[in-house]
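The primary structure of each chain is shown beneath.
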Amino acid sequence: MSNGHILLRKSSELHGTIELTGAKNAVLVIIASLILANGKSILENVPNSADVQQMIALLTDLGAQVYFDRENNRLEVDTSTIDRFEVKQEIMNKMRASILVMGPLLARFGRAKVALPGGCLIGARPINYHLLGFKKMGVLLEEAGAFLNAVLSSHHSMQNHNRIILEYPSVGATENLMMFATLVPGETYIINAALEPEVLDLVDVLRKMGAKIEICDGMIIRIKGVDKLNPINHSVIPDRLEAGALLLAACITQGEIHLPTARADHMDIFLEKLREMGHEVTTGTNPASDLGYNMHQGIKLKATKFPKAVSFKTGPYPGFPTDLQAPTMATLCIADGVSTVEETVFENRMMHGQELQKMGAQITIDRTHATIRGVEMLYGAEVIATDIRASCALVLAGLVAVSQTKITGIHHWRRGYEKLERKIKLLGGNIEIFDEE
Ligand code: UD1
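Residues numbered from 1 in each chain as written. Predicted model: local features only at pLDDT ≥ 70, side-chain atom pairs only at ≥ 80, totals over all residues. Heavy atoms only, no water.

As for the overall build of the chain
Let me state the cut-off plainly: Note on conventions: DSSP H or I runs of at least 4 residues are helices, E runs of at least 2 residues are strands, and numbering of each starts at the N terminus. Radius of gyration here uses only the C-alpha atoms, and the compact-globule reference equals 2.2 Å multiplied by the residue count raised to the power 0.38. Relative accessibility under 20% of the residue-type maximum defines a buried residue, over 50% an exposed one, and the middle range a partly exposed one, all with a 1.4 Å probe and only protein chains included. In these tables, accessible area is a Shrake-Rupley quantity obtained with a 1.4 Å probe, and a residue counts as shielded only by the protein chains included in the view. Residues scored as charged are limited to Lys and Arg (positive) and Asp and Glu (negative), so that His and the chain ends carry no count. Where a charge lies is defined by one atom per residue type: Lys uses NZ, Arg uses CZ, Asp uses CG and Glu uses CD.
The helix and strand tally for the chain stands at 14 helices and 24 strands. Its C-alpha atoms give the chain a radius of gyration of 22 Å, within 12% of the compact-globule value 22 Å for 437 residues. Projected onto its principal axes, the C-alpha coordinates of the chain cover approximately 65 × 50 × 40 Å. Burial analysis of the chain (437 residues in total) assigns 57% to the buried set. Taken as a whole, the chain presents about 17,600 Å² of accessible surface, with 49% of it coming from carbon and sulfur. Positive and negative charge centroids in the chain, built from 44 and 49 side chains respectively, lie 2 Å apart.

Set out below in structure tokens:
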């Protein structure tokens, strides 16, 4: 864990054009999915974030041969040498997404041993949906101290019709169970599945490997098990959360930004809320997409000088992304009027509110509800980033706060964003990162 900090000074209008990196929330699961295919796969557009480094460490620990060309964001993973099936405690503690190797390991090797994830600051974040689904598909689970042993029951091949019903459309559970089901004989239906753009990028990857997956109406994913999957080449989708952060940086500083590679169709509600604040948002179209639908690639934003308050509540896709809740709240702190924000995905994702208050924001928080009364100005302060998205909220606030803002807890920033500080700087933001104190 780094002891460093981020320093920000009031910046004038952010201006410019930025290329996005690959989506962190897509790439982690896609790296895990490579375990399913025996051989060498190549991923392009891989962000060099701390979480990606952890996922590489995890796969290397399992025996995979990994080569990461950081300069060109190109990752080569050869999974033919995997000969271990255990996720260690220290890796699990650093990165919850480690749980996502469970499905692929079980599918390809019939067993997995994973350390149980510890508590997480943004809520309990249990894995019960993952485990219930595995059990339903014939996996025997046994707790052994801090570890969970999972073994495919010898009867599993007799099952040929699995219906997994998720109580909530969990991103991680949908991904884990879908990866597992690709090699389970027969048909699996995941009902009330998460259909986030990152889940669909994984579907794209699995189909390239040879998996038979269909997205049916009513949030249902149908998977027909195949005998074997093949290595692939894939370019990860652009990060809609990085896009959101950059758009908000332009909004809060009253600037102008162009993101030519952003997928507007991945962030419809968010863009609608920016328009409601008064910002001018235009999106491009690419009807010739070979995916069979309009991709709406490219977003341009010209910020209003008089942003208005807006209210929103987070929800599973296509709802307002919980990962953009904190950064959006930061911009509402200086909007005209009263905004309300309701967090419905995670029960403890309002901690940035308290830190923003230290900067002069008028925010009242009642568990998962926040009421924000817009103020004229924010003031620099010493604040703590409590999670990845909170770090982004504080950076945005720091860009407009009078005098200097110091943010500690920068490992959260490093986990979620690759070189985003450089991009903000390129646009004209006064931001410096100090890795050691
Ligand atoms: C992923 C993303 C995260 C994003 C979230 C929601 C990655 C690495 N992380 O997290 O950035 O904020 O989706 O879009 O891709 N739940 C259960 N039991 C379970 C699983 C989940 O109760 O077994 C609950 C969680 O506590 C939470 C809700 O379901 O309240 C959503 O969680 P989930 O969609 O699974 O989030 P993650 O996959 O962890």
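Let's talk about the site of the ligand
Formally: One heavy atom within 4 Å of a molecule or strand is enough for the residue carrying it to be called near that molecule or strand. We call two N or O atoms a polar contact when they sit within 3.5 Å, provided that within protein one can donate a hydrogen and the other can accept it, with sequence-adjacent residues counted only if both atoms are side-chain atoms. Residues are grouped as follows: Ala, Val, Leu, Ile, Met, Phe, Trp, Tyr, Cys and Pro are nonpolar; Asp, Glu, Lys and Arg are charged; every other residue, Gly included, is polar. All the domain ranges listed were derived from an automatic or database domain assignment.
In the vicinity of the ligand, 17 residues are found, and the nearest of them are N128, Y129, S170, V171 and V345. Taking V171, its main chain carries an N or O atom lying 2.7 Å from an oxygen atom of the ligand. Interatomic distance of 2.8 Å between a backbone N/O atom of G172 and an oxygen atom of the ligand. Contact with the protein chains hides 86% of the accessible area of the ligand, taken as 740 Å² for the molecule alone. When residues of the shell around the ligand are traced back to their parent elements, those giving at least two are α5 (128-136) and α6 (171-181). Of the residues that constitute the shell around the ligand, the class distribution is seven nonpolar, six polar and four charged. When residues of the shell around the ligand are assigned to domains, at least three fall in each of domain 1 (5-21 + 238-434) and domain 2 (24-235).

Describing the environment of F180
Rules: Note on contacts: a residue pair qualifies if any of its non-hydrogen atoms lie within 4.5 Å across the two residues.
Mapped onto the secondary structure, F180 falls in helix α6. Assessed through its relative accessible area of 1%, F180 is described here as buried. Through-space distance from the C-alpha of F180 to that of V101 is 9.6 Å; in sequence the pair is 79 residues apart. Excluding anything up to four places from it in sequence, F180 contacts G103, L106, A107, F134, M137, V139 and L152.

Side note on the sheet that holds strand β12 (residues 212-216)
For the record, the criterion: Strands qualify as paired when DSSP identifies two bridges or more between them. Only the contacting stretch of a helix is used when fitting its axis, a line to C-alpha atoms as for every element, and angles between N-to-C directions run 0 to 180 degrees.
With respect to topology, four strands assemble into an open sheet ordered β10-β11-β13-β12, the strand pairing being mixed. Each edge of the sheet is formed by a strand with only one pairing partner; in this case those strands are β10 (161-165) and β12. On average, each strand axis in the sheet is tilted by 15 degrees relative to the strand beside it, whichever way the strands run.

Quick look at helix α2 (residues 50-62)
Counted only if it meets this: Multiply 1.5 Å by the residue count of a helix minus one, and that product is the helix's expected span.
For α2, built from 13 residues, the straight-helix expectation of 18 Å at 1.5 Å per residue is met to within 8% by its first-to-last C-alpha distance of 19 Å. Taken together, the buried positions of α2 are occupied by D51, V52, Q54, M55, I56, L58, L59 and L62.

Digging into the sheet that holds strand β7 (residues 111-115)
Across the sheet, which stays open at both edges, the four strands sit in the order β6-β7-β9-β8 with mixed pairing between neighbours. The two strands at the open ends of the sheet, each matched to only one other strand, are β6 (86-87) and β8 (139-144).

Considering the domain arrangement of the chain
To keep it simple, the criterion reads: The term buried area denotes the loss of accessible surface (1.4 Å probe radius) that occurs when two parts are joined, taken as the sum for both partners. A carboxyl oxygen of Asp or Glu within 4 Å of a side-chain nitrogen of Lys or Arg is what we treat as a salt bridge.
Its domain assignment divides the chain into domain 1 (5-21 + 238-434) and domain 2 (24-235). One C-alpha centre belongs to domain 1, the other to domain 2; they are set 30 Å apart. Listed by partner, the interface residues are 25 residues for domain 1 and 21 residues for domain 2. Interface area for domain 1 against domain 2, summed over the two sides, is near 1,900 Å², with a carbon-plus-sulfur share of 51%. The largest share of the area that domain 1 buries against domain 2 comes from Y317, R415 and E418, three residues that together contribute 29% of it. On the surface where domain 1 and domain 2 come into contact, there are two salt bridges. The partner of R240 in a salt bridge is E198, and the shortest N-O contact between them spans 2.8 Å. At the junction of domain 1 and domain 2, the tally comes to eight residue pairs in polar contact (both at pLDDT 80 or more). When residues of the side of domain 1 that touches domain 2 are assigned to their parent elements, the largest contribution, three residues, is made by helix α13 (residues 411-416). Taken together, the residues of the side of domain 1 that touches domain 2 break down into nine nonpolar, six polar and 10 charged.

A short note on the pattern of salt bridges
The full count for this structure, using the stated rule, is 23 salt bridges. Here R74 ties to E44 by a salt bridge, and the two come within 3.2 Å at their closest N and O atoms. In this pair, R74 is assigned in strand β5 (residues 74-78) and E44 in strand β3 (residues 40-44), connecting sequence segments 30 residues apart. Across the pair E86 and K113 runs a salt bridge whose closest N-O atoms are separated by 3.8 Å.

Some thoughts on the environment of A381
Turning to its location among the elements, A381 is positioned in the loop between β21 (369-373) and β22 (382-384). Classification of A381 as buried rests on a relative accessible area of 17%. Between the C-alpha atom of A381 and that of G319, which follows or precedes it by 62 residues, the distance is 33 Å. In contact with A381, not counting residues within four places along its chain, are K358, M359, Q404, T405 and K406.

Re the packing of helix α8 (residues 240-252) against helix α9 (residues 268-277)
Using the following cut-off: The scheme is simple: roughly parallel for angles under 35 degrees, roughly antiparallel for over 145, roughly perpendicular for 65 to 115, oblique for anything else.
Two elements in contact, α8 and α9, have axes whose closest approach is 12 Å; the angle formed by their N-to-C orientations is 0 degrees. Judged by the angle between their axes, α8 and α9 are roughly parallel. In contact with G244, L247, L248 and C251 of α8, α9 contributes F270, L271 and L274.

Let's talk about the pairing of β3
Alignment of β3 against β5, held across five bridges, turns out to be antiparallel. For S41, the partnering residue across the bridge sits in β5 and is V77. In this sheet, strand β14 (residues 233-235) lies alongside β3 in parallel orientation, the contact comprising three bridges. Across the sheet, residue L43 finds its bridge partner in β14, namely H234.

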